Every structure is written in structure tokens, then in C-alpha cells.
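# Per-entry structural report
Residues per chain, in single letters:
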Amino acid sequence: MERVQSQTNQKRGAASNNRQRSLLCLSGCFIFLLLISGCGGKAPTAVSFMVFGDPAEYNAYEDLVDTFNAGHDDIQVELTHVPSPGEYRTRLLTEFAAGTPPDISLMNYRRVVSFAANGMLEPLDSYLAQSSLIQPEDFYPVALDAFTWQGQLMCLPQNISSLVVYYNADLFAAAGLPEPADKWTWEEFGQTAVTLTRDFDGDGTIDQYGLGVEPSLFRAAPFIWQNNGPLVDDETQPTRLTLTRPPSLAALQWFTDLHNVAHVVPGREEEASQDSESRFLAGTTAMYLNSRRGVPTYREIDSFAWNVAPLPNGQTSASILHSDGFCLAGTAVNKDAAWTFIEFANSVEGQTILAGTGRTVPSLIAVAQSDAFLNPGQSPSRAQVYLDNAPIMRRVPLISTWEEIESVADEEIERAFYGDISVEEAARLATQRTEEYFLRADFNAP
Amino acid sequence: MPERLSRLRLSRQDRWGLLLLPYALGIFVLVIVPAVFSFGLAFFHYDALSPPVWAGTLNFVLAYTDELFLLSVRHSLALILLPVPLRLFGAFFVARLLQRNGRFLNWFRAAVYLPTIVPGAAFALAWLWILNPLYGPLNLLLRALGFAPPAWLIDPTWARPALALMALWQIGEGFIVCLAALYDMPPDLEDAARIDGANGRATLRHIILPLLAPILLLLTFRDVILTFQETFTQIYLTTQGGPYYATYTMPLFIYEQGFDLQAFGVASAAMWVMYAITGLIVVALVVIARQWHIGTTEETFVL
Amino acid sequence: MSSKRRPFLRALLRLLTALLFLLPLLWMLAASLHPPGEPLPTTLRLLPQHPTLANYGRIFRLLPLGRYTLNSLLVVALAVPITLVVSSWAGLGMARLSKPAQRRWITLSLAVLMVPGIALWSMRFLLYRELGWYDTVWALIAPAWMGTSPFYVLMFYRAFRRIPGAIFDAAQLEGAGVLQTWRLVALPMARTTAVGVGLLTFVFYWGDFTSPLLYLRSGRHATLPVALQTLQQLSRSDWALMLAAAVWTTLVPVVLFLLLQPIFNRRPKGERP
């Protein structure tokens, strides 16, 4: 400060000329005015925004935030990125607990409930009702439903992804197989996987696997539904898992047989040594089950052609919703400014930016059906598959302890998948071990 | 600063004592206060969202009836039993091997110490690769030698031995301490014993080990605490407590209760148990030491 | 262990031991040179057929590793000097106290050493929040204000205790104050200890995994261990990529250690006036 003054004094002394002096004075006044007006309220309102995901996803949100900031002088969105999904929830919980969460956070619908149930989120209905940019009817209903807690919309969904089959078209061609049709059965799916599982050099080790899938409840769930089996005893007020019911058990049995009987999926050691997604990328696994999130990475593949197909159908067709929403913290100071950003991110313009990265299946029907998503020039060319899933998409129950329930059930399903225990045993253990979480849970009572 | 100190008219002794002030303040603010609060929480229900509610000893009951808690205690203890003695003997014998006279001795010593300065996260990733069941160099080597190697970290029976194996490479601290202790030994002692006709093993048993006992005891003491309480990084990055809880230890239980489930009371109760077990082990070690009359004099108590 | 009869055997044993300890590091280095996209090795060989540095380029493109490295350097640049001052002051203060007072401080220090680190996590989180240190570099170096670990204080205490009291009395007679005595008399006599504590502190902060995990939110101040964890979660099976980052993270402490190594070798620990 003193140095600045002395510098100005020196300059002033050097400026013997009157005109120069008045100029300096003028500019000084101008700067002073600027400072005053700056403090007077024109400083942009800061809004913090926290996301998770890999670098490709981070870049997508950076684009989004930059576009927004460039168009809004009065609001400055600051992006915080937590790279690992595993830490994201812990981090958010800690921040909410400490009372200073990010104003806006991106959350999966399976995680939102534990925050919503504790009253940590600001319902968005009234904001959405007043919006001139977006209306509830613009969104796929299944996505809005997944973020509706006790009759209130807790977060604004940005995508409606679902589980699909990614396949290596070159491996299909090499095996003389037609690419999967828009409708196929469990049997055809299993047969395809068997044909594509190969031991080229006959040394007893499999060199190419037909299928890659994570042994988890979330991956097995659509197959349970396809077999008309229930996941829980009551969709809105569940009190326990129902994996032990015959149709659920039969679906689980089919799911684990993919490894234990058909051997079309890598075993535990193989999976730990090199996971199925890496095998798919390396061209040594023919089909891989994943949501839309893998697309930015798969688009970098140049050694083979790939595409997507729907899940095979059991007795009925079903897929499972993957969706993330923009959530507004109840403690946010500038809720209106924060909403302005949420609104922008989920307007046609905002969702078009995110769709351009390949990462999302837009939750706005208009954007999902536009070239911004269906983009004919880009892989996967069968992008319509994700949209066809919308009517048959189901979601896991909305209860506050769902994450814990899933992680416990995953442990047992994994053991059954790799043949450590029987499916019956796994279903029984999963049901038994998750009971306490159902007891502790908050339900979605409207 | 020195002028101001003398102006305070403190005795010289007090002025030396003032040097301890930052340290005292530091441990008070960063250790003692947080520890008191944290241990105090064991008697409350606390989820960090609403104010703590008195819970009496319920949290201890909750922890004790949690199967995972008992499992984590067992595994934590098992992870002391195997690696700590191995690390200790490893450190001692390598120190003995690299004790004196020889070419490149300094470089050999540097090589032994080197793995210890590898950052924990990098070390964990390196071992994840080395122990990779199919492509990892260790299993490729074992297979080339005609063995049928286990799947290490993903095999429930081999996961803990694998962690013990990893820990064997980071014994630099114990190695340096043993080396220094061997140096401090009168050099002619060993020669005298040899002239008296004692063979190598006898010299070791009757002369060197008794002299080094206090140091070895202190190293055990330190290693037990470290292994018991600070195995978090390695396990978190390699197995996350798996496969199927085979490496699920107390720090993991406390982390999950506190940071994942927001059950800070239960986490605190588990800390009490952890502290009590540490205390029991330390007391047991001190009792053994008293029996052998080692390490109890003031001169040898601290290194 | 007979040193006269089998010198060759002993030299060989020493060489093998040294190699055994270096083996994990060599394997780590070799695997980081594996060409991206090529199948993983199924036969034992130390180096891949076509070694490449490509993975080192990839980690810098994937993550802002340059910034992470600078952050790590900033952390140690702050933490190491602070630790050295605080722990050597405390060590000296302790060594000059009366015997019973020394005992009390030793007991206190050992008790503090026994407090599980995990017991402090949540409370420190709240403390840093209050101090405004959360999500800043200060949260990462906070333990430096207590000398990082009582263990280091005890190391200095042990070194200073060996200095005869007469030397301190002489310094006092010449009019040296406490701080002058510390700087001009005590520290130079405990140089090896100081370098040792400095190195241990450096290694501790450089490799600290939990502090950034718990007390940082944004990537702005993230250090290299965060990058390793990120890579592990992003591409679990891209081994060459992860190991390239691991080698990069290991490089600085290893170089520093090799540079400082001659100091320790002069006469390990045995330094006496």
C-alpha cells in the first residue's frame, strides 16, 4: 500500500504539467469509483459446484461452467472435482456434516436419499415451476421420479442412462456371428457369449472372453426383474431384500452360471489381474455390460469397431436406470444464483454441451432426440438403444441406506458369482445381513 | 527474540524450558484436545448433524455386538503376530550382515533403506502389480521355478501373508537403529569372545543379543503400535479390507463407522478398545523387560 | 557369521540382500516402461520387449501432475524447516531440564506416540475448519507445528543429551542466549540427527496419503499420493500407467536420499563431541 502511494507521489512530482496532473487525478477517481462500485454489490456471486468422475467428465463440466460464467457477469461458478466416486459420498457427507457443503453437488439417485432424508437438500419444485427455460414435462418422467423424495423434487436429473451391452463388432464378424438384434433372449445372449469365448492356442487358458460384467446387485437387478422377480418386498416401503424368492433366485442362478457353468466371464484371478473393461478395450472381451459412462473412453478405441445393443430379454424386458442430478444444498447462501446455474446446465443449451462429450444420455427429451445425442457420425451408431430403454427402465428403491444395502449384497453376490457359495446361500446371507439397514432406513412415504 | 526473553527475567532453566513451548502447544492443540474430545464421544450418540446425545456405554455394546468389530480386532492382532517379529529379525540380521568391513558397504546399506523411503501409496501400487496373480513378476517367477503360486491379495487365506510380505521390505528404520546399536558396542568384545573360543552363534546369543535387547524391545514396541494403528494406507489401497473381510482391521472399522456411517460414537468406542489393546501389549512388553532386567535404566530407556 | 573364513560368501550374501531389497523397485520401474495397449506379460522378463517412456507422457496428459508435484514440493518446503525448528528446540529444551522433568516429558511424548492417528482425524477436520485451514496447504503441514512426531523430538533429545553440560555453561559465560546457543552450539553438534530428522520428515510429508484424503476438497492443493489414488480408481488395470506415476512419485525422495547418503555413512549415529 505504502509503495503504491509513494509511486504515485513520484509520478505526481514528475508530472509538472497541469494537464497531466488532472488526467492522473481523473484516472485515480475512476479507479476509486470502480473499487466503490465493486464493493457495493457488483462483485459476482460465488457458487460452488462439486462433481465426480474421470478427467473426460471433468472436462465436460469445465466446458459447461466456462460457458455459463462467460454469459453471466453477476455469478461466478467454481468447480470442484473429486476424481474417485468411492470418496465422493464420504467427502460430501463430511462436508454436509461440517455445515459448509458445496452449493451444488452432482449426485447419483441411489445416494441422494440419505441427504434428502436428513433435510440437507433444498427442494427444487418451486424453482422449476417458475422457470421460463425448462418445464417438468420436458424431462423423461422416470428420471424426475428417481429424484422425488416424499413428494418433492430434490435434484434436477441431468441424464437417463441405463445398462446396455457394448460389443466388439470385429470379434462378432470374425466368429461369423450376426450383431445382436434389437430383441434377443437370454439363450441367444448366452450362446453368443459361449461362441465368443475362445482359447486360440489350445493351451487351456482362455484368450478371449465372451462377456464381462461386474458381479454386483446393481448389475444383476435388471435380470431379476426380467424374470418377474422382486428385489425388495415393497417398492416404496421395503423392509427386506427378496432375493430368495424363486424367480429372483432363478435369475441370480442364471447370472452366476455365466461364470460358474458357461465360463464365458473371467474368473476372480483373471478379473483382478486385468479387469473386464480393460479386456474389452484391449479387444480380448467381446461384450461388456456398462452404462453410458464408458463412451468417452471407448470413443478413443481405434483398433476395432464397437457398438451397443440392448440387454437380452427374459420373460419380460427391463433395464435399470442410471441417473445423476444437480442438487442444491439447503445451507446454500445464494440459492437463486445457484438455481440459475442448475437451470442453465439442464436447459437445452447446457445439456447439449454435456451430450457433446458422449458421457450423458440427456434427460431432456428434446436434446436426447436431437443430433446432439444421436450424432450419426459418432460411435455408437445405435444410440437409439438408450432411448428405447426409457419405457422399460426401472429403478432401485429410494431408501436412505440403499448404498449400504447394495455394498453388503454385492459381497455375497460376488462370492456366489465366483463359486465360493451357492446362490441360495448368497441370497439368504444378503437378506439376513441387510436387515438392519432396512430397519434403520428412512422411506419414501409420500 | 533473545532480548525479549532475557527481559522477562526468567531463570536460565526456565528459558531452556521455553524452547519446549511450541512443542507443548502443538501436542496440546493437535493431539491432546482432539483425542480427549474424540475419546469422549464414545459415550454419546453423535452423527455430526445433530448435537451429541448421552448414550452411556451403549456404543461399547454396539461395537462389541458387531461381528465385523470382533473380526477386525482378530485381524489386527493377526497382522501383528506375523509381521512384527519377522520385521524385527529381518532388520537385525541385515544390520548384522552389513555391519562392517567390505566393499560397497555404503551402497548395500542404501539399497536396504531405499524401499522405506518409497511413499506409501506408490509402494502399495507397486505391490499390487508385483502380487498380480496372472501377470505379476512374483508369480511369473514362482511359476518359472515350478511352483503353483497363490492369488495373494485376492485369496482370503493368502491376503494377510501377502500384507506381511510387503511390510518386510520397509524395515529401514529398524535396520538403521540396529546398525547404530551394533556400532555403539565395544568392538573388541566380539573378538574377545572369539578368542575365548565362542562360535558365532554363541557370541550372538550371549553377548550381542543381551546388549541389544533394550533397542530390540523399543523397536518391537514401536512396530506393534505402528502395525496395529497405521496399516490404513496400505490396506485401503490394496485390498480395502477384502477379500471378504480377510484384511478387515480396526482402523478400517473405525474409518467406516466414523466417516461412512457417521456413527462417531461407535467409532470412538472402537478407538478405546484399540487404545486399551495397545496399552496391554505395551504393558506386557514392559513386564517381560523387567523380568529380564533390560531397558529399565534411564540411560537406555529412550534409544 | 565368521568374518575371516568366508569373505567371498559374505560378499555374495550382501549383494543378494541388497538386490532383494531393490527388486520391488526394479519391477516397478520395469513395468512402467511397458508399451501402452500391448498385452500384459505372461513370461518372466525384467524389461518389456520394446521399453518406452510413453506412460510418463500419458500421466501428465491425464492429470495435472505438474501442479501436483509443485504442491508436494511446497508442502515439504514448509513442513521440513518448521519441523526441524520445533523438534530441535523441544529436544534441546528437554535435554537441559532437570532429570525428573526430562522423565515427565519423555513419558508425555511416548503417550502421545501411542495415540492412534485415526483417533484424531475427525476432530482435526473440525479444528482445521475453524482455523480456515481446511482445503489449504496448512491442513497438510499442521503436524509440523508440533515437530511432526514426538519421535523426532526424542531423536534430538538423545543427540543433545550427549553434549556435555560444560559446553552450554561456556556458551552462557560468553553471553550467548538460548537461541544463539541452539543455533551456534547445539545444532552443529547434532548435524547428523538434523539431516536424519529432515529426511524422515521429508519422506513423511511427501508420501502422506491420509491428510489430503481427509482435509482437502479441491484438486488445487492435491499432492502426488492423491494422483496415485486417482489413477488407481480411474484405470484399475492400466498397470503401466499407475506404475509410471508411482515411479514419478518415488523419484524425488530417492534422489534426495542418495544425495544425502554420504552424510549418514560418515559414522552412523555415533557422533560424539
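How each quantity is defined
- Residues numbered from 1 in each chain as written.
- Chains lettered and ligands numbered in written order.
- Predicted model: local features only at pLDDT ≥ 70, side-chain atom pairs only at ≥ 80, totals over all residues.
- Heavy atoms only, no water.
- Helix = DSSP H or I, 4+ residues; strand = E, 2+ residues; numbered from the N terminus.
- Buried < 20%, exposed > 50% of the residue type's maximum accessible area, 1.4 Å probe, protein only.
- Contact = heavy atoms within 4.5 Å.
- Domains from an automatic or database assignment.
- Buried area = accessible area lost by both parts, 1.4 Å probe.
- Axes fitted to C-alpha atoms, helices over the stretch in contact; angles between N-to-C directions.
- Parallel < 35°, antiparallel > 145°, perpendicular 65-115°, else oblique.
- Nonpolar A, V, L, I, M, F, W, Y, C, P; charged D, E, K, R; others polar.
- Salt bridge = Lys/Arg side-chain N within 4 Å of Asp/Glu carboxyl O.
- Disulfide = S-S within 2.5 Å.
- Polar contact = N/O pair within 3.5 Å; in protein donor to acceptor, adjacent residues only side chain to side chain.
- Core = buried A, V, L, I, M, F, W, Y, C linked by side-chain atoms within 4.5 Å.
- Pairing = 2+ DSSP bridges.
- Left-handed = near helix turned anticlockwise from the far one by under 90°.
- Phe/Tyr/Trp six-rings, centres within 6.5 Å; stacked < 30°, edge-to-face > 60°.
- Expected span 1.5 Å × (residues − 1).
- pLDDT = per-residue confidence, 0-100.

## Focus: the overall build of chain C
When its secondary structure is counted, chain C shows 13 helices and zero strands. In terms of principal-axis extent, the alpha carbons of chain C reach across some 70 × 65 × 30 Å. Residues classed as buried in chain C amount to 57% of the 273 residues present. Once local pairs closer than 6 in sequence are excluded, the contacts in chain C between residues at least 24 apart make up 73%.

## Observations regarding the overall build of chain A
Looking only at helices and strands, one finds 21 helices and 14 strands in chain A. Partitioning the intrachain contacts of chain A with sequence separation of at least 6 by distance along the chain shows that 75% fall at a separation of at least 24.

## Thoughts on the domain arrangement of chain A
Residue and element names in this part refer to chain A. Here chain A is partitioned into domain 1 (45–160 + 323–392) and domain 2 (163–320 + 395–440). Computed from C-alpha coordinates alone, the two centres of domain 1 and domain 2 are separated by 27 Å. Of the residues lining the interface, 31 residues belong to domain 1; the matching set on domain 2 comes to 30 residues. Summed over both partners, the interface of domain 1 with domain 2 comes to about 2,800 Å²; 50% of that surface belongs to carbon and sulfur atoms.

## Some remarks on the packing of helix α3 (residues 65–95) of chain C against helix α9 (residues 178–189) of chain C
Helix-helix packing is described using two parameters, namely the angle between the two axes and the distance between the axes. Residue and element names in this part refer to chain C. In the contact formed by α3 and α9, the axes pass within 11 Å of each other and the chain directions differ by 90°. Comparing the axis directions of α3 and α9 gives the class roughly perpendicular. Of α9, the residues touching α3 (which contributes V85, S88, W89 and L92) are L179, W182, A186 and L187. For the contact of α3 with α9, a count of residues per class yields seven nonpolar, one polar and no charged.

## Quick look at the pattern of salt bridges
Residues and elements named next belong to chain A. Going through the model one piece at a time under the given rule, you end up with 23 salt bridges over all chains. Linking R293 and E57 is a salt bridge whose minimum nitrogen-to-oxygen distance equals 3.4 Å. With a gap of 236 residues between them, R293 in the loop between β10 (285–290) and α14 (295–298) and E57 in helix α3 (residues 55–71) connect regions that are remote in the sequence. Owing to a relative accessible area of 32%, R293 belongs among the partly exposed residues under this scheme. Residues R415 and E412 are paired through a salt bridge, measuring 3.2 Å at the closest nitrogen-oxygen approach. You can see R415 and its partner E412 sitting in helix α20 (residues 402–417), three residues apart, about one turn around the helix. A relative accessible area of 16% places R415 in the buried class. By relative accessible area, E412 is classed as buried at 0%.

## Observations concerning the state of the cysteines
Residue and element names in this part refer to chain A. All told, the structure shown has one disulfide over all chains when counted by the stated rule. Through a disulfide, C155 is tied to C327; the S-S separation comes to 2.1 Å. With the S-S dihedral at roughly 100°, the linkage between C155 and C327 falls on the right-handed side. Here C155, found in strand β6 (residues 155–157), pairs with C327, found in strand β13 (residues 324–328); they are 172 residues apart in sequence, far enough to count as distant. The two residues C155 and C327 agree in class, both being buried.

## Topic: the interface of chain B and chain C
The accessible area lost on association of the parts is a frequent measure of interface size. Each side of the interface is counted separately: chain B has 96 residues, and chain C has 99 residues. Of the roughly 9,300 Å² buried where chain B meets chain C, counting both sides, 76% is carbon and sulfur surface. The interface formed by chain B and chain C holds zero salt bridges in total. One can count seven residue pairs in polar contact (both at pLDDT 80 or more) joining chain B with chain C. At 14 residues, helix α3 (residues 21–40) of chain B tops the list of elements feeding residues into the side of chain B that touches chain C.

## Let's talk about the nonpolar core
Soluble, globular proteins show a tendency: their nonpolar side chains are buried together. Counting 181 residues, the largest nonpolar core has L131 and Y255 of chain B together with I59, L92, W121 and F160 of chain C as the members making the most contacts within it. The element that contributes the greatest number of residues to this core is α3 of chain C, accounting for 13 residues. Split by domain, this core shows at least three residues from each of two domains, domain 1 (1–45) and domain 2 (59–301) of chain B. The contacts of F160 of chain C, once residues within four sequence positions are left out, are S88, G91, L92, A95, A186, L187 and A190 of chain C. Core analysis: the second largest hydrophobic core is formed by 139 residues, A60, L196, L364 and A383 of chain A among them.

## A look at the sheet that holds strand β9 (residues 209–212) of chain A
All names here are of chain A. Taking strand neighbours across the sheet as the criterion, the four strands line up as β9-β10-β8-β11 in an open arrangement whose pairing is mixed. Of all the strands in the sheet, the pair left with one neighbour each is β9 and β11 (306–309). For this sheet the average axis-to-axis angle between neighbouring strands, irrespective of direction, equals 20°.

## Let's talk about the pairing of β10 of chain A
All names here are of chain A. Of all six residues making up β10, six are buried, and the element is well covered by its neighbours. In terms of strand pairing, strand β8 (residues 164–168) meets β10 through four bridges, oriented antiparallel. Within β10, the position partnered with Y166 by the bridge is Y288.

## A closer look at the sheet that holds strand β1 (residues 45–52) of chain A
Residues and elements named next belong to chain A. Taken in spatial order, the five strands line up as β2-β1-β3-β13-β6 in an open sheet, and their pairing is mixed. Of all strands in the sheet, those with a lone pairing partner are β2 (75–82) and β6, marking the two edges. On average, each strand axis in the sheet is inclined to that of its neighbour by 25°, with strand direction left out of account. Direction of pairing for β1 relative to strand β3 (residues 104–108): parallel, over a ladder of two bridges. In the strand pairing of β3, M50 is matched with S105.

## A look at the packing of α3 of chain A against helix α16 (residues 348–356) of chain A
Residues and elements named next belong to chain A. At their nearest, the axes of α3 and α16 sit 9 Å apart, and the two run at 150° to each other. The orientation of α3 relative to α16 falls into the category roughly antiparallel. Remark: the crossing between α3 and α16 carries right-handed chirality. Between α3 and α16, the contacting residues are A60, Y61, D63, L64 and T67 on the first element and E349, G350, I353 and L354 on the second. Looking at side-chain class alone, the contact of α3 with α16 contains five nonpolar, two polar and two charged residues.

## Observations concerning the packing of aromatic side chains
Scanning all chains against the criterion turns up 61 aromatic pairs over all chains. Note on F49 of chain A and Y61 of chain A: the rings are 6.1 Å apart at their centroids and 80° apart in plane angle, and the pair reads as edge-to-face. You can see F49 of chain A sitting in strand β1 and its partner Y61 of chain A sitting in helix α3, a full twelve residues away along the chain. In this structure Y61 of chain A comes out as buried when scored by relative accessible area, which is 1%. Aromatic pair F39 of chain B and W272 of chain B: ring centres 5.2 Å apart, planes at 65°, arrangement edge-to-face. Taken together, the residues span a long stretch of sequence, with F39 of chain B in helix α3 and W272 of chain B in helix α16 (residues 264–292) at a distance of 233 residues. Take F39 of chain B: its relative accessible area is 11%, and that puts it in the buried class. Residue W272 of chain B is classed as partly exposed on the basis of its relative accessible area of 36%. Taken together, the ring pairs connect W184, W186, F189, F223, W254, F255, F417 and Y418 of chain A into an aromatic cluster.

## Some remarks on helix α5 (residues 67–81) of chain B
All names here are of chain B. The terminal C-alpha atoms of α5, which comprises 15 residues, lie 21 Å apart, in line with the 21 Å expected from a rise of 1.5 Å per residue. When α5 is considered as a whole, its buried residues turn out to be F69, L71, S72, V73, H75, S76, L79 and I80. The N-cap of α5, judged by a side-chain oxygen 2.9 Å from the amide nitrogen of L68 a few residues on, is D66.

## So, the interface of chain B and chain A
At the interface, 16 residues of chain B touch 22 residues of chain A. Counting the surface lost from both chain B and chain A, the interface buries some 1,600 Å², and carbon and sulfur atoms represent 55% of this. For the pair chain B and chain A, the number of links is zero salt bridges. Remark: the boundary between chain B and chain A carries seven residue pairs in polar contact (both at pLDDT 80 or more). In terms of residue count, helix α15 (residues 250–260) of chain B provides more of the side of chain B that touches chain A than any other element does, three residues in total. Within the side of chain B that touches chain A, the residues separate by chemical class into 13 nonpolar, two polar and one charged.

## A word on the confidence of the model for chain A
Residue and element names in this part refer to chain A. When pLDDT is averaged across chain A, the result is 88; 89% of the residues are at 70 or more. Throughout residues 1–26 the model reports pLDDT below 50, and contacts reaching past four residues in sequence, or to other chains, amount to two contacts. Counted against residues more than four places away or in other chains, residues 29–41, with its pLDDT under 50, gives two contacts.

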